[in-house]
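# Observations on the model geometry
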Amino acid sequence: MSKIDCNLIKDLLPLYIDDVVSDATKKLIEQHMLECEECKREFEFLQKDCVTLVDTDVISLKKIKKNILVKNTATAIFCVFLTILILVNGFIFFRDSIGVSLSNIEADARSSQKIDVNYDVVSDSTDTMSAMLFYGENEKNHTFSIYVNRPSLSFGYFYRSGGGAGNIELSVFRESYQGYDDYAILSMNQLQIAEMIVANDELSTTYKIDSTKPFAFVLPIDSGTVTFYDVDGNVVDLGYDFNSIF
Ligand SMILES: [Zn+2]
């Protein structure tokens, strides 16, 4: 076996291991290795090394692939989470900005405050406020509900306050809120008020009231001093100074 043959075989061995040599070369190498211990050892060494290398590469590749997968999955989960967060926030903002339309206020109050279906209602509304007084047949049981149209970026009316009030049953109740130009007047009208006159320096407005029925008004805060009269035209004593609260 000449040294040139061995060098040639050793040069060819990697190609042989990769199985990219012609059948004739393959035969030649195999024939040579049967007779040459040195080349055979070289072959075995290269083959082992090669396999180890390939295995390591495959494992690293798998690791890299796995890492990429983990990173992609984490990114995807984060994106989904972020999207949900944005949607939920948007929904909450949207929901908080959409109130009740004037035509739906009574139904909204009845359902949210669980008001007796047999209760009648008197109400009054302006662009900024809607006041409702629900009452039972004996005209003593009552629930009021006041909605406001917020001056902020929102649409419709929002529930502001409600329930029962002693002045509603026994006298005349008034409710105003800071930042709103209107206020509500509610009464079961036990005092049998027949007329309400609202007067300022320029204007005096008379409101006729059924003295046997509850009443509700929403008025501008600056509309003037309010005085209540009975059927005989006498001033009704409310038991407190209605006009002193402003
Ligand atoms: Zn050899």
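Not measured: the values here are computed from a predicted model. For every chain, the first residue of the written sequence is number 1, and numbering continues from 1 onward in sequence order. At least 70 in pLDDT is required for a residue's local features to be given in this predicted model, at least 80 for side-chain atom pairs to be given and counted, and no such filter applies to totals for whole chains, interfaces and linings, which use all residues.

### Brief notes about the overall build of the protein chain
To be explicit about the condition: The way it works is that DSSP assigns letters per residue, a run of H or I at least four long becomes a helix, a run of E at least two long becomes a strand, and they are numbered from the N terminus. The quantity called the radius of gyration is restricted to C-alpha atoms. Its globule counterpart is 2.2 Å times the number of residues to the power 0.38. The contact rule is simple: place each C-beta atom from the backbone, and if two of them lie within 7 Å, those residues are in contact.
Along its length, the protein chain carries five helices and ten strands. In terms of overall dimensions, the protein chain is more spread out than a globule: its C-alpha atoms have a radius of gyration of 46 Å, far above the 18 Å expected for 246 residues. For the protein chain, the C-alpha atoms occupy an extent of roughly 140 × 40 × 25 Å along the three principal directions. Considering only residue pairs separated by 6 or more positions, the protein chain has 52% of its internal contacts joining residues 24 or more positions apart.

### Things to note about the sheet that holds strand 2 (residues 129-135)
The cut-off we apply is this: Strands are labelled as partners when DSSP assigns at least two bridges between them. An axis is simply a line fitted to the C-alpha atoms; with a helix, the fit covers only the stretch in contact. Between two such axes, the angle follows the N-to-C directions and lies from 0 to 180 degrees.
Strand order in this open sheet of four strands is 1-2-3-4, and the pairing throughout is antiparallel. Each edge of the open sheet is held by one strand with a lone partner, namely strand 1 (120-125) and strand 4 (158-163). Each strand of the sheet is rotated relative to its neighbour by a mean of 15 degrees, with strand direction disregarded. Here strand 2 runs beside strand 3 (residues 142-148); their pairing, made up of seven bridges, is antiparallel. Across the sheet, tyrosine 135 pairs through a bridge with histidine 142, a residue of strand 3. Relative to strand 2, helix 4 (residues 105-112) is tilted by about 55 degrees, and along the sheet it contacts strand 1, strand 2, strand 3 and strand 4.

### Things to note about the nonpolar core
Test applied: Here, a nonpolar core denotes buried Ala, Val, Leu, Ile, Met, Phe, Trp, Tyr and Cys residues that are linked to one another through C-beta atoms within 7 Å. Here a residue counts as buried when 20 or more other C-beta atoms fall within 10 Å of its C-beta, as exposed when 12 or fewer do, and as partly exposed in between; the C-beta atoms come from the backbone.
Membership of the largest hydrophobic core comes to 35 residues, with the highest contact counts inside it found for Ala131, Leu133, Ala184, Leu186 and Ala216. Looking at which element gives the most residues to this core, the answer is strand 2, with six residues. Apart from the residues lying within four places of it in its own chain, the contact partners of alanine 184 are Met129, Ala131, Ile146, Arg174, Glu175 and Val218. Counting residues in hydrophobic clusters, the runner-up holds five residues, among them Ile9, Ile29, Cys39 and Phe43.

### Points about the environment of lysine 114
Here lysine 114 lies in the loop between helix 4 and strand 1. Note: C-alpha distance between lysine 114 and aspartate 182 (68 residues apart in sequence) is 26 Å.

### Describing the environment of aspartate 120
Structurally, the position occupied by aspartate 120 is in strand 1. Between the C-alpha atoms of aspartate 120 and isoleucine 17, which are 103 residues apart in sequence, the distance is 97 Å.

### Considerations on the domain arrangement of the protein chain
Heads up, the condition is: Domain delimitation follows an automatic or database domain assignment.
Domain boundaries in the protein chain define domain 1 (3-95) and domain 2 (102-244). Placing a centre on the C-alpha atoms of domain 1 and another on those of domain 2 gives a separation of 83 Å.

### A short note on the sheet that holds strand 10 (residues 225-229)
Here three strands make up an open sheet; going across it, the order is 8-7-10 and the pairing antiparallel. Across the chains shown, the open sheet's two edge strands, defined by having one partner strand only, are strand 8 (204-208) and strand 10. The average angle at which neighbouring strand axes cross in this sheet is 20 degrees, direction not considered. Relative to strand 10, strand 7 (residues 195-199) is paired through five bridges, and the arrangement is antiparallel.

### Structural notes on the pairing of strand 2
Most of strand 2 is tucked away: seven of the seven residues are buried. Neither face of strand 2 is left uncovered, since the one carrying Met129, Ala131, Leu133 and Tyr135 and the one carrying Ser130, Met132 and Phe134 both have all their residues buried. Where strand 1 meets strand 2, six bridges bridge the pair, whose relative direction is antiparallel. Its bridge partner being in strand 2, valine 122 is matched across the sheet by leucine 133. Adjacent in sequence and paired antiparallel, strand 1 and strand 2 are bridged by three residues.

### As for helix 2 (residues 23-35)
This is how it is decided: Here the expected length of a helix is defined as 1.5 Å per residue gap, with one fewer gap than residues.
A rise of 1.5 Å per residue sets the reference length of helix 2, with its 13 residues, at 18 Å; its end C-alpha atoms lie 19 Å apart and thus fit the reference within 8%. Counting buried residues in helix 2 gives one out of 13 residues, a small share hidden from the surface.

### Quick look at the confidence of the model for the protein chain
As a note on interpretation, predicted positions should not be read in detail where pLDDT is low. Using the following cut-off: Scored between 0 and 100, pLDDT is the confidence that the predictor attaches to each residue.
Scored by pLDDT, the protein chain comes out at a mean of 89, with 93% of its residues at no less than 70. Summarising per-element confidence for the protein chain, the mean pLDDT is lowest in helix 3 (residues 37-97) (82) and highest in strand 9 (residues 215-220) (97).

### Describing the environment of lysine 26
Residue placement: lysine 26 occurs in helix 2. By C-beta crowding, lysine 26 is classed as partly exposed, having 15 other C-beta atoms within 10 Å. Sequence separation between lysine 26 and phenylalanine 134 is 108 residues, and the spatial gap between their C-alpha atoms is 103 Å. Lysine 26 has contacts with Tyr16 and Val21, leaving out every residue within four places of it along the chain.

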